[in-house]
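Fold and geometry: a report
Residue-level listing of the chains:
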Amino acid sequence: MALLGLYGKPVALGILGAVLLLWFGAALVWALADGDRGPHALQRAYKVTFGWGDGL
């Protein structure tokens, strides 16, 4: 995302940011529906959204 911002592509940056925000929101709702609360729910949503980068 930083590269998109550096090279002046605000539309692409906005679309990517919106997709990530929606994905994180859906993951957070899923974690809350599963019974997680507080920081643990946020941690689960973060792992679902950005956890794929751990394998790089």
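Further up the page is the structure itself.
Attention in this report is confined to the structure presented alongside it. (Residues numbered from 1 in each chain as written. Predicted model: local features only at pLDDT ≥ 70, side-chain atom pairs only at ≥ 80, totals over all residues. Heavy atoms only, no water.)

Secondary structure summary: the chain contains three helices and zero strands in total. Going residue by residue from the N terminus, the α and β elements of the chain occur as α-α-α. Here the chain holds 56 residues, and the buried ones make up 11% of them. For the chain, the accessible surface area stands at approximately 4,400 Å², while carbon and sulfur atoms represent 73% of it. (Helix = DSSP H or I, 4+ residues; strand = E, 2+ residues; numbered from the N terminus. Buried < 20%, exposed > 50% of the residue type's maximum accessible area, 1.4 Å probe, protein only. Areas by Shrake-Rupley, 256 points an atom, 1.4 Å probe, with all protein chains shown as cover.)

On to the packing of aromatic side chains, then. In the structure shown here, the tally under the stated rule is one aromatic pair. Centre to centre, the rings of tyrosine 46 and phenylalanine 50 are 5.1 Å apart; their planes meet at 45°, and the pair counts as tilted. Here the residue tyrosine 46 and the residue phenylalanine 50 both occupy positions in helix α3 (residues 38–50), the gap between them amounting to four residues, near one helical turn. Taking the relative accessible area as the measure of exposure, phenylalanine 50 reaches 34% and is therefore partly exposed. (Phe/Tyr/Trp six-rings, centres within 6.5 Å; stacked < 30°, edge-to-face > 60°.)

With that settled, the discussion passes to the side chain of threonine 49. Relative to the elements of secondary structure, threonine 49 occurs in helix α3. Those residues in contact with threonine 49 that sit more than four places away from it in its chain are Leu20, Trp23, Phe24 and Ala27. (Contact = heavy atoms within 4.5 Å.)

Below, the discussion takes up the pattern of salt bridges. Under the definition given, this model contains two salt bridges. Notably, a salt bridge pairs aspartate 34 with arginine 44, separated by 3.1 Å at the nearest N-O pair. In this pair, aspartate 34 is assigned in the loop between α2 (10–33) and α3 and arginine 44 in helix α3, connecting sequence segments 10 residues apart. Aspartate 36 serves as the salt-bridge partner of arginine 44, at 2.5 Å between the closest nitrogen and oxygen. A single network of salt bridges, built from pairs that share partners, joins Asp34, Asp36 and Arg44. (Salt bridge = Lys/Arg side-chain N within 4 Å of Asp/Glu carboxyl O.)

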